[in-house]
Structure formats: structure tokens, C-alpha cells
Amino acid sequence: MNPTTRTPGHPDYADTTRTPEQLGRDAVGRTEAQVIGTSPIERTAIEREEELFTINMGPHHPATHGVLRLLVELEGEVVRVLKPMVGYVHTGIEKSCETMSYWKVIPFVERMDYLSYFFNMEAFCGATEKLLELEIPRRAAWLRILHLELNRIHSHLVGLGTTALDLGAISMFWYCFRERDKILDLFEMSSGQRMHTRYFQVGGVVEDIPVGFAERVKAFCADMPERIDQYAALLDQNEIFLQRTKNIGVVSRERMLDLGVTGPLLRAAGEPWDLRKVDDYLPYSEFDFNIPIGTIGDNYDRYRVRLNEMRESVRIVEQAIDGLPEGPWIADDRKVVLPPRDELGTSMEALIHHFKLVTEGFRVPPGEVYFPIEGPRGEYGVFLVADGSSKPVRVHMRDPSFVNLQSLRDMCVGGYVADLIANLAMLDPILGGIDR
Amino acid sequence: MPDAPGLELIAHEINERHEGAVVGTSYEHEQAALLADPDSIREVLAYLKDAPGHEYRFLASLHGADYLPAEPRFAVHYELLNMPRVERLRVKALLPDPGDGTLPELDSVTGLFATADFQEREVYDFFGIVFRGHPDPRRILMPEDYVGFPQRRDFPVGGDPVIFTNTEDSVPGWTK
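Residues numbered from 1 in each chain as written. Chains lettered and ligands numbered in written order. Predicted model: local features only at pLDDT ≥ 70, side-chain atom pairs only at ≥ 80, totals over all residues. Heavy atoms only, no water.

**What about the pairing of strand E2 (residues 69-75) of chain A?**
All names here are of chain A. With five bridges joining them, strand E1 (residues 53-57) and E2 adopt antiparallel strand pairing. Across the sheet, residue Thr54 finds its bridge partner in E2, namely Glu73. Sheet analysis places E2 next to strand E3 (residues 78-85), joined by seven bridges and oriented antiparallel. Within E3, the position partnered with Leu74 by the bridge is Val79. In sequence, E2 turns back onto E3 through a hairpin of two residues, with Gly76 there showing a positive phi of about 65°. (Pairing = 2+ DSSP bridges. Helix = DSSP H or I, 4+ residues; strand = E, 2+ residues; numbered from the N terminus.)

**Some details on the environment of Pro38 of chain B**
Mapped onto the elements, Pro38 of chain B comes out in the loop between strand E2 (31-36) and helix H2 (41-50). In contact with Pro38 of chain B, not counting residues within four places along its chain, are Ala93, Leu94, Leu95 and Leu106 of chain B. (Contact = heavy atoms within 4.5 Å.)

**Here's the deal with the packing of aromatic side chains**
The geometry of an aromatic ring pair is captured by the separation of the ring centres together with the interplanar angle, meaning the angle of the planes. Residue and element names in this part refer to chain A. Tallying each qualifying case throughout the model produces 19 aromatic pairs over all chains. Look at Tyr281 and Phe371: their rings are 6.4 Å apart centre to centre, the planes differ by 80°, and that puts the pair in the edge-to-face class. Here Phe371 lies in strand E6 (residues 367-375) and Tyr281 lies in the loop between helix H12 (275-278) and helix H13 (299-322), a separation of 90 residues in the sequence. Judged by its relative accessible area of 8%, Phe371 is buried. Aromatic ring contacts, followed pair by pair, group Trp142, Tyr281, Tyr284, Phe287, Phe289 and Phe371 into a single cluster. (Phe/Tyr/Trp six-rings, centres within 6.5 Å; stacked < 30°, edge-to-face > 60°. Buried < 20%, exposed > 50% of the residue type's maximum accessible area, 1.4 Å probe, protein only.)

**Focus on the nonpolar core**
Within the largest apolar cluster, 173 residues are counted, with the highest numbers of intra-cluster contacts made by Leu34, Leu48, Tyr78 and Val91 of chain B. When residues in this core are grouped by element, the largest group, 12 residues, is from helix H6 (residues 138-166) of chain A. Not counting residues up to four positions away in its chain, the partners in contact with Val91 of chain B are Leu34, Ala36, Ile41, Val44, Leu45, Leu48, Val76, His77, Tyr78 and Leu80 of chain B. (Core = buried A, V, L, I, M, F, W, Y, C linked by side-chain atoms within 4.5 Å.)

**So, the packing of H6 of chain A against H13 of chain A**
Residues and elements named next belong to chain A. The contact between H6 and H13 brings their axes to 9 Å, and the two run at 155°. Put simply, H6 runs roughly antiparallel to H13. Between H6 and H13 lies a crossing of left-handed hand. Where H6 abuts H13, its residues Trp142, Ile145, Leu146, Glu149, Leu150, Arg152, Ile153, His156, Leu157 and Leu160 lie against Tyr303, Arg306, Leu307, Glu309, Met310, Ser313, Val314, Ile316, Val317, Gln319, Ala320 and Ile321. Here the contact of H6 with H13 is built from residues that sort into 15 nonpolar, three polar and four charged. (Axes fitted to C-alpha atoms, helices over the stretch in contact; angles between N-to-C directions. Parallel < 35°, antiparallel > 145°, perpendicular 65-115°, else oblique. Left-handed = near helix turned anticlockwise from the far one by under 90°. Nonpolar A, V, L, I, M, F, W, Y, C, P; charged D, E, K, R; others polar.)

**Points about the sheet that holds strand E4 (residues 74-82) of chain B**
Residues and elements named next belong to chain B. Reading across from one edge, E1-E2-E5-E4-E3 is the order of the five strands in this open sheet, with mixed pairing throughout. Strand pairing shows two members of the sheet lacking a second neighbour, strand E1 (22-28) and strand E3 (58-66), which therefore form its edges. In this sheet, adjacent strand axes meet at a mean angle of 20° when their direction is disregarded. Relative to E4, E3 runs antiparallel, the two sharing eight bridges. If you follow Ser61 over to E4, its bridge partner there is Glu79. Where H2 meets the sheet, it contacts E2, E4 and strand E5 (87-95), and its direction lies at approximately 175° from that of E5.

**Comments concerning the side chain of Lys95 of chain A**
The topology assignment puts Lys95 of chain A in helix H3 (residues 93-97). We note that Lys95 of chain A is buried and unpaired, the nearest opposite charge coming from Glu98 of chain A at a distance of 4.2 Å. From its side chain, Lys95 of chain A meets the backbone oxygen of Pro150 of chain B in a polar contact 3.0 Å long. Sequence-distant contacts of Lys95 of chain A, defined by excluding residues within four places in its chain, comprise Pro150, Gln151, Arg152, Arg153, Phe155 and Val157 of chain B. (Lys, Arg positive; Asp, Glu negative; His and termini not counted. Salt bridge = Lys/Arg side-chain N within 4 Å of Asp/Glu carboxyl O. Polar contact = N/O pair within 3.5 Å; in protein donor to acceptor, adjacent residues only side chain to side chain.)

**What about the layout of surface pockets?**
For the largest pocket, the calculated volume is near 820 Å³. Lys130, Asp280, Tyr281 and Phe371 of chain A together with Glu30 of chain B are, among the 32 residues lining the largest pocket, the residues nearest its centre. Elements with a contribution of two residues or more to the lining of the largest pocket: helix H5 (117-132), H6, H12 and E6 of chain A. Top contributing element to the lining of the largest pocket by residue count: H5 of chain A, with four residues. Residues belonging to the lining of the largest pocket are distributed by class as follows: 16 nonpolar, four polar and 12 charged. (1 Å grid on protein atoms, 1.4 Å probe; cavity = no way out; pocket = protein on both sides within 12 Å on 5 of 7 lines; lining within 4 Å. Points joined across faces, edges and corners; volume = space filled by probe spheres on them.)

**Re the environment of Cys97 of chain A**
All names here are of chain A. Here Cys97 lies in helix H3. Relative accessible area serves as the criterion here: at 0%, Cys97 is assigned to the buried category. Filtering out sequence-adjacent residues up to four positions away, Cys97 remains in contact with Val105, Phe108, Val109, Pro392 and Val395.

**Looking at empty space enclosed by the protein**
Where empty space is left can be seen by rolling a probe of water-molecule size over the atoms. All names here are of chain A. Evaluated as defined, the whole model comprises three cavities of 30 Å³ or more. Considering only enclosed or pocket space, the largest cavity measures out at about 60 Å³ in volume. Looking at the largest cavity, the residues that line it are Gly159, Leu160, Thr163, Tyr303, Arg306, Ala425, Met426 and Asp428. If you list the elements that add at least two residues to the lining of the largest cavity, you get H6, H13 and helix H17 (417-427). When residues of the lining of the largest cavity are assigned to their parent elements, the largest contribution, three residues, is made by H6. Considered class by class, the residues forming the lining of the largest cavity number four nonpolar, two polar and two charged.

Next up, the structure:
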């Protein structure tokens, strides 16, 4: 399209009353379907005149990021009706958790949102600790923050890589997965597992970090900002990427709040809401970091917010490893936490408690609690009901993917079906978390 | 979080406007909860959302719970959030089981909070609580023809009948 024919004042221009600057950025891209106007193509996009064509996207489609089925009604290439259908990987995790003792629930909840396992663990362990009124040692809190932020970078890398892949940029996928593997190597070093690490324990973390871990983390932190600059250089000057993200999928801040959307999607729309800054579930107040926000809430803002969140997370990881306090990495409450291995040979009481903790599990006093934390997709909240036994009565995960998915309709209706793929990728849903 | 006396003031204020709308309060682990009468849940939430001085405009989460054997048995929890003040308030609607297979009913709040759409469907799916006035009252995660509400406490784990290969002849009515 020749840009000179699309300047303000021209009869073909979408909105003659506002300049591109007022519309936010260069509103002369592929935005006909979303900007109300008068040119023929815009009329096609806005007026309902032809019959609708119904198609199913998914559940088995690589661009749906899991087993998501979208029932789409198209008028030509314009999306008119969109209904997400979920539940294809529902495995009843919440119900299964009710039959497990608390410490056995931890690996279960990890498998809900399978890219943010540390966040699922933190939400569950935090809720249990709140019911037990158990304080975790400072070193444990620092180790948790360190792993949570590494997990956030990991999750954003997968999101960014697959998003770029959906928009046709396959090299981004490999670069992002290269750095992701480095993070998985770090997880393997500290916990023995690359994914689903079960590293957090009620009361702290399972083990201290091994010798040499700090150096590896520092090397990663030194490397990562440059890598992020390289991603930005690859995408920010890519004409195709810009045309397919700028002014696409715009949803206003008010509508996002009404739909309960949290996380990078909400921040991209201009709402600086981050639980790390306002809540005290972990001592984030002792760390220096910023909350990146967007301006108009299009796909480009979402990409930029995630990119800058990675930079901030690298800063947090650096501070966490530099300022890691000395001391125990798990609480000293023998009624909840396993006794140290070396005590089992010399202390009868330690042996008894070890046996009871492993076979029956610890008991949690009756009560109920809602424990929200800030994950890479928004608010992960565990609602936990305890009845005094060693098994929870109800474990509910308020998963951000599930709630955020409701905003997909607002992003897509009135836009092109090709932009639906971009919107879905930028929404970054994890179907394991949606279906649980 | 409103503290315990603040919670009593909110309860009193709502009861002045809607007689008997709040039937109790609870305050545990620094989390405040209002126990609402299920018949006036919409009035309570609308008041908390819009009244000056409250303005809990964000519904962070909506979930169900089954407190069997306690009575009333079911509960629907609304986790409200006031973002500027960073205050959370839980509203709990306690619902008795009507018995003889009838499902308990509650007003839908999708008109107040658009986010309640999927989450109310999830509560219906797993607990069998019907939301009156919901725009799309179907199951969401379980198959549409599924019988039963699996998150109820009296729903058995692993109780689904399974037809085993090679012995399917023993199933009554089975034909090859």
C-alpha cells in the first residue's frame, strides 16, 4: 500500500478527524478492519451484509498453543463471532489434589500451567504457609525469588518465540529456545529437574543451591541483556512483524479491567498493576525493579511489555544472587518440615517425625485462604480450604490464562482472521492452566 | 484489607440499605469475608462495586466450594479487589442443598462483572450451582453430555464405569 494515499485528509483515510499521532502510532497499517471509516474495504469490514461462514480452528492446530478450539464465524476474512471452547486437556487436577496430603499436592499443581511451574508451586506453598502461619527463612525467600524470575524469563521466551513463529519468523523461535535451554540447565543444576522441578517446599525450598550455581547464574545474567537487545533488533525493524502487531487487537484498559485480565496484557493497556509491587507475598520490596507498561494496548505493546519484563527480571535475578543471605533454606518447624537427614541416625524423635511426615503428611489447622501472586500471565491465586486433616478440602487455582481468554473475543471480532492468530499468540494462553 | 472493625461497619452499612443481605462476617489470616444471603448477592456486590468509599471494581476470582457435611453445604466465593487502595474483600454466598436432585440456584453477576462469565460456568460445571440469568449457561471444562458434578465432595474419585477390552461381552446390552 502506498503510504502517501493514506495521509490524514485523504478520502480513503480511515479517520479524517484525527492524525495518526492522535490515534496512537502510525495507524496506517493493516488496521482497516478495526478503525471505523468510509473506504470500501472498511465498509466491508464493518457492515454486516453477507452470509457468515462458520469454521472450527483447532483443537489440533499448531497455532492454538495447545488443545484450544475456536468456533469462528467469518464474513469474508473478517471475524464476526468467536467462541473459545476449552476442556480438551481437563484432567481433574483440583479434584485429585483433594485426595493427596499437602506435600504431595505440590507436583500436581505444577502441572497445571506447565510453563510457570514455580509460580504454581509458590501460590500453593504460600497459601499453605499462610494457613500454618509459617514464616520462611530469608535465604529461602531469596532463592524463591531467584527461581521465580528465571521462570518468568523462561515463560516469556517461549511466548515470544512461538508468537514470532506464528507470524512467520522462525529464527526467533530458535534463538529464544537457545536461551530457554540455559535457564532449564540452571533449574537442572539447582533441583535436578529441567521442568516440573518440585523445588519449593512448604516452609522454604528443598535444597540449598549447589557449588558453582551462583557463577552460572551470574554468567547468564551478564549474557541475557545483550540477547534481549538482539531479539529487539530482529523484531523491531522487521516490517512484517510491525505491520502485524501495531494497532492490532486493541482492547482498552477499562474493558480489560472489566474482563478481569491481569498481567502483561493489562499492563500493555496502560494499567501499572503488578502484585510484586503492592503485595508482600515475597520480599520484593527489597529489590529494585520497574514495571514496564504500554500505551494503547495493541499487540506491539504486549510484545514490548514482555520484552522489558525480561530485562527487569534479569535485574532481579542479579540482585537476588548478589544479595543472597546466609542461613537456613527451610523453616525449622519439625511438625511441618522434614528433619535433616543426618539426624535420622541419632535422634528417635527425628525418625518418628520423618516417618509421620512422609506417610501421613503434616496437618493444617481449619481455615480458608486466597493467596494471589504475580505470574508471567497475571494473577495466579490459590484458594485453599483446610479442615484440620492432612489433606486439603478444596484447592482451586485461579489461572490467569483461563480468565484472560475471555478477552480474545474483544481483540478479534471485527478484525481479520489472520490477526486472530497474532492475537491468540500475544494472549499467550497455556491450555494446561486453562483446563487444569 | 479492611480490618475486623471495618468489616463490621461495611456489613452494618449494607444491612441498613438491604435488610438481611449480610448474614455474618469472618476475619481470619488477615483476610476479611462477608457472608451474604444468596438471594441478595447481586445487591451486595453492586453496592460494594459502586458505592463511594468502597469501589471494589475488580473481581479477581470467583470460585465454588463444597463444605460437606456442614450445612449450608455449598458456597460461592467472590474475591473483590480495590486496585487503588490494594484492598481485597471476599464475599461468600452460602447455599443449602435443596435435596431430591434439584440444583441450588444463585443470581448471575455477569451484568456487574464481565469476567464472571467463564468462572460461573466453571462453578456450574463442577458443583452444579445454577446461575440465574447467565448468558451462556453450559458446562465449560467437562463434556457437554457429562452426568454429575465432579468437584462435589460426595462424587467418587475413580468411580466411572469402564468397559474393558475382551470382556465387553459381560456388559449387559453390549453387542459386537
